[in-house]
Amino acid sequence: MSQLNYKESTVARARRIVIKVGSAVLSDVDGLRVDVIEQLAAQIESAVRAGQEIVIVTSGAVAAGRARLSKLHGATIAARQAAAATGQIDLMSAWASAFGAHDRSVAQILLTHQDLAERRRRQNANQTIAELLGAGVIPIVNENDTVAVEEIRLGDNDVLSSLVASLVQAQLLIILSDVDGVLTGNPRERSDARLIPVISDPEAEMRGLVAENAGPLGSGGMATKLKAARQATRAGIAVIIARGREAGIVTAALDPARNAGTLIVPAGVRLKSRKHWIAFALRPAGSLAVDKGAADALCNRGRSLLPSGVREVRGDFGGGDCVSLLDPDGVEFGRGLVNYPASDVMKVAGRRSTEIPTLLGYKVADEIIHRDNFVLMKEIA
């Protein structure tokens, strides 16, 4: 089926949309491209006037800061934080000015991974964004690079955009980059690389695609965009990856009658919000190695993890933390919220549930991980 047919059935019905704009789109070696921001703002304003709610996830603060202050070209974490702190002012000023020309207000929202992982902070962020959208304000989200050391080292705004899309229950995520979309190979290395207009089965068709490395202005290449797309589609969110500086790209992406970049169709089986949060927003605090019977019960029979199936405990996690589940070959196949801290799981590992009160002196539950708090990440062969 063509991209246009899929867009008619998915994109055309999208009312809440997250648009992620990468550093390579908004910046060059001389700093921010204000003209690009103005063009994007004009297209987004048209969509908002047509009744769509749009949240922007923007990169560009570090690139803008480095362009302003020549002494911030170091590669240290402190230098990146200083560049982000300086550049964030210019970045938000540019967005505010661009939308101000259309009498549209914007709001800055700086998030860290912890804001999306902790339930109360996640809920507060969601309520704030909903309130802003209801007031006709454009929420502009960025990672809080000035304080989030770990996020600067490991995070990127592609994945942030997928988490924000899930948070606000968007129907569409548009990732604007410096490439035309998902290609069959690295265009810098293969002259025959071609655009893939539609990916209808994200789990199958996105395996093995060659991904380009991050450019000099960005932190994530196509690999992170594909990761973000997988996460979003598992939440039932359609994804479009397209070239951000292409004239009228946002308008084209939202038009069911026009092709734009690569459209990635939502997964057939949608994860519930809670399980999507466990799978992608949380970071495992440890891991549990389980035997073959327990892995089969979790993967194929919808069962919970009992103490008898646990073979090894790794890490120092607490009750309620997220942990990885490892099969007998040491491969992660799932994640879940554990009912007991690591020290107590060690005491009951390999034993029956009926022995928990005797071994621990208390009992929270029969299960180490209840099936409602378990997410299957990988099928067991």
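The notes below deal with the structure included here.

Rules behind the numbers
Residues numbered from 1 in each chain as written. Predicted model: local features only at pLDDT ≥ 70, side-chain atom pairs only at ≥ 80, totals over all residues. Heavy atoms only, no water. Core = buried A, V, L, I, M, F, W, Y, C linked by side-chain atoms within 4.5 Å. Buried < 20%, exposed > 50% of the residue type's maximum accessible area, 1.4 Å probe, protein only. Helix = DSSP H or I, 4+ residues; strand = E, 2+ residues; numbered from the N terminus. Contact = heavy atoms within 4.5 Å. Pairing = 2+ DSSP bridges. Axes fitted to C-alpha atoms, helices over the stretch in contact; angles between N-to-C directions. Phe/Tyr/Trp six-rings, centres within 6.5 Å; stacked < 30°, edge-to-face > 60°.

### Structural notes on the nonpolar core
Argument step 1. If you look at the biggest cluster of nonpolar residues, it comprises 48 residues, and the most contacted ones within it are Val 18, Val 141, Val 164, Leu 173 and Val 239.
Argument step 2. Element by element, the count of residues in this core is highest for helix H9 (residues 157-167), at 6 residues.
Argument step 3. Residues in contact with Leu 173, not counting those within four places in the same chain, are Val 18, Ser 161, Ser 162, Ala 165, Ala 232, Ile 237, Ala 238, Val 239 and Ile 240.
Argument step 4. Counting 43 residues, the second largest nonpolar core, distinct from the first, contains Leu 91, Met 92, Ala 253 and Leu 254.

### Focus: the pairing of strand E11 (residues 286-290)
Argument step 1. Across the 5 residues that make up E11, a large majority, 5, are buried.
Argument step 2. Of the two faces of E11, the one holding Gly 286, Leu 288 and Val 290 and the one holding Ser 287 and Ala 289 are both buried throughout.
Argument step 3. Two strands pair when backbone bridges link them, and E11 and strand E12 (residues 310-314) are joined in this way by 4 bridges, in the antiparallel orientation. Looking at E12, one finds that Ser 287 is bridged to Arg 314.

### Thoughts on unusual backbone geometry
Argument step 1. A positive phi is found at Asp 103, a non-glycine position, where the angle reads about 60°.
Argument step 2. Within the secondary structure, Asp 103 sits in the loop between helix H5 (77-100) and strand E5 (106-111).
Argument step 3. With a relative accessible area of 75%, Asp 103 lands in the exposed category.

### A word on the sheet that holds E5
Argument step 1. The sheet built from 8 strands is open, its strands ordered E5-E6-E4-E1-E7-E9-E10-E8 with mixed pairing. Each edge of the open sheet carries a strand with a single partner, namely E5 and strand E8 (198-199).
Argument step 2. In this structure, strand E4 (residues 53-58) lies alongside strand E6 (residues 138-143), joined through 2 bridges in parallel fashion. Residue Val 57 lies in a different strand from E6, and its bridge partner there is Val 141.
Argument step 3. On the sheet, helix H3 (residues 34-49) packs against strand E1 (16-21), E4, E6 and strand E7 (172-177) and is oriented at approximately 155° with respect to E4.

### Topic: the packing of aromatic side chains
Argument step 1. Enumeration according to the criterion identifies 3 aromatic pairs in this entry.
Argument step 2. Between the aromatic rings of Tyr 340 and Tyr 362, the centroid separation amounts to 5.8 Å while the plane-to-plane angle is 45°, which identifies the pairing as tilted. With Tyr 340 in the loop between strand E14 (332-337) and helix H15 (342-348) and Tyr 362 in the loop between helix H16 (356-360) and strand E15 (374-376), this residue pair connects regions lying 22 residues apart in the sequence.
Argument step 3. Given a relative accessible area of 1%, Tyr 340 falls into the buried group.

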